[in-house]
Amino acid sequence: VQGTGGSSADSKCSAAARGYIQDRFLRLLAGRRRRRAPLIHRGYYIRARAVDHCVRDFLLKTQSHPRTQIVSLGAGFDSLYFRLKDIGLLPHTVVYEVDFPNVTCQKAALIKRTKELSALVGDTGREGLGVITFSGEDYKLLGVDLSELSELERALEEAGLDKEIPTLFVAEVVLTYMENSRSDAVIRWAAERFSRVCFLLYEQMHPEDPFGRVMQQHFSQMNSTLNSLARYPDCEAQQRRFFEEGWTECSVMDMNEFFTCCTPEDEQKRVQALEPFDEYEEWHLKCSHYFVLTASKGMEPCWTPLLPNVPVPRRDGPIGTAGSIPVVVCPTHSEISGLRRYGHRSVLVKPNVILTTGGFGEEDGRHCRMRNFHVLIKHAGCWKAGSVRKENSGKRWGERLYHTVSCLSNSLALVVGGRTSPSSPGLGMLWLKFPETCSASQPEDITVELVSVQPAPELPALRWRHSTTEVTFKGEKYLFLYGGRSAVEPVLGSWCFLHTRDLSCATIPVEDPGPEGRHSHSACSWKGGALIAGGLGAAEQPLGSVFFLRELEHGFRWQAVETHPALIPRYSHTAHVHDGKLLLVGGVWLHSSSVPGITVVDLVTGLCVDYVVKKEHLEWPLMLHNHSSVFLPNEKELLLIGGGGNCFSFGTHLNPEPVSLNLGSILASH
């Protein structure tokens, strides 16, 4: 548990070094300076932002009181006191920090030998006696085990804590490591013993969905089990907990809601522009698995720091579903790690032959950008998996992620765009050629030749997280390239029509302004046009709109597809059209109470129905984002290949095997 505190301090220090957090004291307290990934920076930014927001609000609301106090439980090497004292926000506030004795002794020694820290504490700062390891006029450092409540109360009383003045307790990922009976006792004690008291809690939630299972496993492996999750798995349970323990006011929101509703728009934009970033799924999933809670009792006026700046509807209610679809592992003759990947593309290149390219995954026992192509071949009712022989590959492939692959004939496919890193320019186009006739039953029998597109394409192709869809205009076939993002533009709303014969950009009139810019959306061919659904918009918010690019005599027209009930906004999903039904598969949405399954949209009536994917028969978490899917219409079978991502600091999860869903029953019911 103490190790998690040190890791947290290092991550906050790294975030401060990159400009996410304005805190010059973190580097003095963390000791080590380790560069973290942008996803970690964002995660610790929103944590620090939430705590700072609530603490400042407490100080503002109580500034008319002659004395106030803050008690930071499990403070570790946090810089809260020094940061607030430095900017003059503690003129009449005493800060008490509590942690294990060896932690507070280390911190006390660090303060004494660091001039910038000891200067803020003042000349009265000195090493204490017994549990009081350091004592200044407005700063007390107490070495005591939080789970021993009687010792905690005795130590605080000895240090001068006053139970009659406004008091804020701060517990930043600490109570969850305690047994529930002991953490409940701390919450109840604070409500009972203090006349005017507030509580700020920041912790994890949603342990049973795929991301939550990976999160739980990570902490268990570190021997720091999250004990509160089983009894208090979501915001509602935590809120009930505080009311049952004697608190009269309580508000709670997940971190997606906090970032959207309580963080000013200009601050959101500042943070989003700090570093090249392309891990949106993991960012939103991390935020949906952490919450900030504020509770109060005896405060006049009521302490309500979690009032939204903007009226965004709550997203934590239950999602109505029409049923469930069981998922099973695909029967395969070979186990290869090459299909454990995300950000890739899988396409049906021939009947019963699925080609998978690109992405980030596992190859030869290590995680890397995927160089090799892999195929699944269905033979005698069973899938065979294996690597494909590539010819003339050289540097042409570029180890790309988030590209598209479009089959233009039974021997030719076009790769468009993709990236290596988020800071690099997008990659161009590439032909994939394979034998026109292929009776291969073994993956190693298939050969793919990589051929550069000559002349090199113009700028429209240099993007990723886009879509390419086959459309028809006046009997000619085109690839409709739409949306995505680039190293310069975080969201693109532009499009172009690529003639399939020579890949030239054709000028075809399109009526109406069209959808707002987006990436990570889905696109399907339908009635000669293209169906665009969902995606992530310019504000990094999921979109719920569906648009149909309809063919007209003189060009195309954008037409909104109205759904009822309204489609829940999502992105990083896949989609297919079958018999007038749009099938949306998985993705990420901001409803923290559930994860997307299968959504069926009737394109004639607009009826929108959600189904849960039943995963009870799988021994591993199935992550339905950053995946690819192939629909086999004759069998009504949906194949899901790959998927997953970097689960914040909890490790990378890759779905280990392809899985299959039989959609026959739900398609028949519509």
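Residues numbered from 1 in each chain as written. Predicted model: local features only at pLDDT ≥ 70, side-chain atom pairs only at ≥ 80, totals over all residues. Heavy atoms only, no water.

Chemist: Looking at this structure, I do not really get the overall build of the chain. What am I missing?
Modeler: For the chain, the helix and strand inventory stands at 15 helices and 39 strands. On the principal axes, the C-alpha backbone points of the chain span a range of 85 × 50 × 45 Å. The contacts in the chain between residues at least 6 apart in sequence include a share of 67% that link residues at least 24 apart. With the model as given, the accessible surface of the chain reaches about 26,400 Å², and the carbon-plus-sulfur share is 49%. (Helix = DSSP H or I, 4+ residues; strand = E, 2+ residues; numbered from the N terminus. Contact = heavy atoms within 4.5 Å. Areas by Shrake-Rupley, 256 points an atom, 1.4 Å probe, with all protein chains shown as cover.)

Chemist: Just to check I follow, could you spell out the domain arrangement of the chain for this structure?
Modeler: Often, the extent of an interface is quoted as the loss of accessible area upon association of its parts. What the domain assignment lists for the chain is domain 1 (2-297) and domain 2 (321-662). Here the C-alpha centroids of domain 1 and domain 2 sit 41 Å apart. Counting residues at the interface gives 32 residues for domain 1 and 36 residues for domain 2. In total, about 2,800 Å² of surface goes out of reach between domain 1 and domain 2, with carbon and sulfur atoms giving 59% of it. When the buried surface of domain 1 facing domain 2 is broken down by residue, D278, Y280 and E281 rank first, second and third, together holding 23% of it. Scanning the region where domain 1 abuts domain 2 turns up five salt bridges. Ionic pairing is found between R485 and D278, a salt bridge with its closest N-O pair at 3.5 Å. The interface formed by domain 1 and domain 2 contains 15 residue pairs in polar contact (both at pLDDT 80 or more). (Domains from an automatic or database assignment. Buried area = accessible area lost by both parts, 1.4 Å probe. Salt bridge = Lys/Arg side-chain N within 4 Å of Asp/Glu carboxyl O. Polar contact = N/O pair within 3.5 Å; in protein donor to acceptor, adjacent residues only side chain to side chain.)

Chemist: Sorry, what's going on with the pattern of salt bridges here?
Modeler: If the charged atoms of two oppositely charged side chains come close together, the side chains can form a pair. Taken as a whole and assessed by the stated rule, the structure comprises 37 salt bridges. Among the ionic contacts, a cluster of salt bridges with common partners joins D278, E281, R419, R465 and R485.

Chemist: So what exactly am I meant to see when it comes to the sheet that holds strand β22 (residues 467-473) here?
Modeler: Pairing in this open sheet of four strands is antiparallel, and the strands run β22-β23-β24-β25 from one edge to the other. Strands with a single pairing partner mark the edges of an open sheet, and in this sheet they are β22 and β25 (505-506). In terms of strand pairing, strand β24 (residues 495-499) meets β25 through two bridges, oriented antiparallel. Of the residues in β25, the one forming a bridge with F497 is A506. (Pairing = 2+ DSSP bridges.)

Chemist: What is the right way to read the sheet that holds strand β14 (residues 366-369) from this model?
Modeler: Strand pairing within a sheet occurs via backbone hydrogen bonds; the two strands may be parallel or antiparallel. An order of β10-β13-β14 is seen for the three strands of this open sheet, with the pairing classed as antiparallel. Unpaired on one side and paired on the other, β10 (341-342) and β14 mark the two borders of the sheet. The pairing of β10 with strand β13 (residues 360-363) spans two bridges and is classified as antiparallel. Residue Y342 lies in a different strand from β13, and its bridge partner there is F360.

Chemist: Help me understand the environment of R485 in this model?
Modeler: Along the polypeptide, R485 turns up in the loop between β23 (476-482) and β24. Among the residues examined, R485 registers a relative accessible area of 5% and is labelled buried. Counting along the chain gives 124 residues from R485 to G361, while the straight-line C-alpha distance between them is 22 Å. Discounting residues that sit within four places of it in the chain, R485 has contacts with F277, D278, Y280, P422, R463, W464, R465, P490, V491, L492 and H519. Only 2.6 Å separates the side chain of R485 from the backbone oxygen of F277, close enough to count as a polar contact. (Buried < 20%, exposed > 50% of the residue type's maximum accessible area, 1.4 Å probe, protein only.)

Chemist: I keep staring at the packing of aromatic side chains and nothing clicks. Help me out?
Modeler: Geometry of an aromatic ring pair is reported as the spacing of the ring centres plus the angle between the planes. In total, this model carries 33 aromatic pairs according to the counting rule given. Seen in terms of ring centroids, F169 and F194 are 5.2 Å apart; in terms of plane orientation they differ by 80°. Their pairing is edge-to-face. Placement of F169 in strand β5 (residues 167-172) and of F194 in the loop between α8 (180-193) and β6 (197-204) is noted, with a sequence separation of 25 residues between them. We classify F169 as buried; its relative accessible area is 0%. (Phe/Tyr/Trp six-rings, centres within 6.5 Å; stacked < 30°, edge-to-face > 60°.)

Chemist: Before we go on, may I ask you to explain helix α7 (residues 149-159) in this structure?
Modeler: Within an α-helix, residues lying three or four positions from one another point in the same direction, as the helix has 3.6 residues per turn. Taken together, the buried positions of α7 are occupied by L152, E153, A155, L156 and A159. Considered in projection along α7, the buried side chains sweep an arc of 165° and stay on one side of the axis. The inward-facing, buried residues of α7 abut β1 (68-73), β2 (93-99), β3 (132-135), β4 (139-143) and α8. Just beyond α7, the residue with positive phi is G160, at close to 105°. (Arc of directions from axis to C-beta.)

Chemist: I tried to follow the pairing of β24 on my own but got confused; where do I start?
Modeler: Remember that side chains alternate between the two faces of the sheet whenever the strand is regular. The element β24 is extensively covered by neighbouring structure, given that four of its five residues are classed as buried. Judged from the five bridges that link them, β23 and β24 form a sheet pairing that is antiparallel. Bridge pairing in β24 places L481 opposite C496. Joining the antiparallel neighbours β24 and β25 is a turn of five residues, in which L503 adopts a positive phi near 60°.

Chemist: How do you make sense of the packing of helix α3 (residues 38-61) against helix α14 (residues 280-288) when you look at a structure like this?
Modeler: Axis angle and axis distance: for two packed helices, these are the angle between their axes and the distance between the axes, and together they describe the pair. Relative orientation of the contacting elements α3 and α14 amounts to 30°, with a least axis distance of 10 Å. The orientation of α3 relative to α14 falls into the category roughly parallel. Once α3 is placed against α14, the crossing between them reads as right-handed. Contacts between α3 and α14 involve L39, R42, G43 and I46 from the first element and E282, W283, K286 and C287 from the second. Here the contact of α3 with α14 is composed, by residue class, of four nonpolar, one polar and three charged. (Axes fitted to C-alpha atoms, helices over the stretch in contact; angles between N-to-C directions. Parallel < 35°, antiparallel > 145°, perpendicular 65-115°, else oblique. Left-handed = near helix turned anticlockwise from the far one by under 90°. Nonpolar A, V, L, I, M, F, W, Y, C, P; charged D, E, K, R; others polar.)

Chemist: Just to check I follow, could you spell out the pairing of strand β11 (residues 345-350) for this structure?
Modeler: Relative to strand β12 (residues 353-357), β11 runs antiparallel, the two sharing five bridges. By the bridge assignment for β12, S346 is matched with T356. Where β11 folds back onto β12 in an antiparallel hairpin, the turn is made up of two residues, including N352, whose phi is positive at roughly 65°.

Chemist: When you look at α14 in this model, what are you seeing that I'm missing?
Modeler: When you tally the buried positions in α14, you get nine out of nine residues, the bulk of the element. For α14, the complete set of buried residues consists of Y280, E281, E282, W283, H284, L285, K286, C287 and S288.

Chemist: I'm lost on the packing of α3 against helix α13 (residues 265-272) in this one. Help?
Modeler: Between α3 and α13, whose axes approach to 12 Å, the crossing angle comes to 150°. One element, α3, and the other, α13, form an angle in the roughly antiparallel class. Where α3 crosses over α13, the two elements pack in a sense that is right-handed. Between α3 and α13, the residues in contact are R42, Y45 and R49 and E267, R270, V271 and Q272, respectively. Counted by class, the contact of α3 with α13 contains two nonpolar, one polar and four charged residues.

Chemist: Looking at this structure, I do not really get unusual backbone geometry. What am I missing?
Modeler: Glycine aside, the phi torsion of most residues is negative, and most peptide linkages are trans. That bond from E300 to P301 is cis: its omega, -5°, falls within 30 degrees of zero. If you trace the backbone, P301 turns up in the loop between β8 (290-297) and β9 (324-329). A cis amide bond, omega -5°, links H564 with the succeeding residue P565. By secondary structure assignment, the location of P565 is in the loop between β30 (556-560) and β31 (574-578). Its identity as a non-glycine residue notwithstanding, R465 has a phi of 60°, on the positive side.

Chemist: Would you mind going over the nonpolar core with me for this structure?
Modeler: Side chains of nonpolar character tend, in soluble globular proteins, to be buried together. Formed by 78 residues in total, the largest nonpolar core has its most connected members in V55, I70, F82 and V292. For this core, the element with the most residues is α3, which contributes 12 residues. Filtering out sequence-adjacent residues up to four positions away, I70 remains in contact with V55, F58, L59, L80, L84, T93, V94, V95, Y96, L168 and V170. Counting 37 residues, the second-largest nonpolar core is a separate cluster that includes V174, L175, L201 and A295. (Core = buried A, V, L, I, M, F, W, Y, C linked by side-chain atoms within 4.5 Å.)

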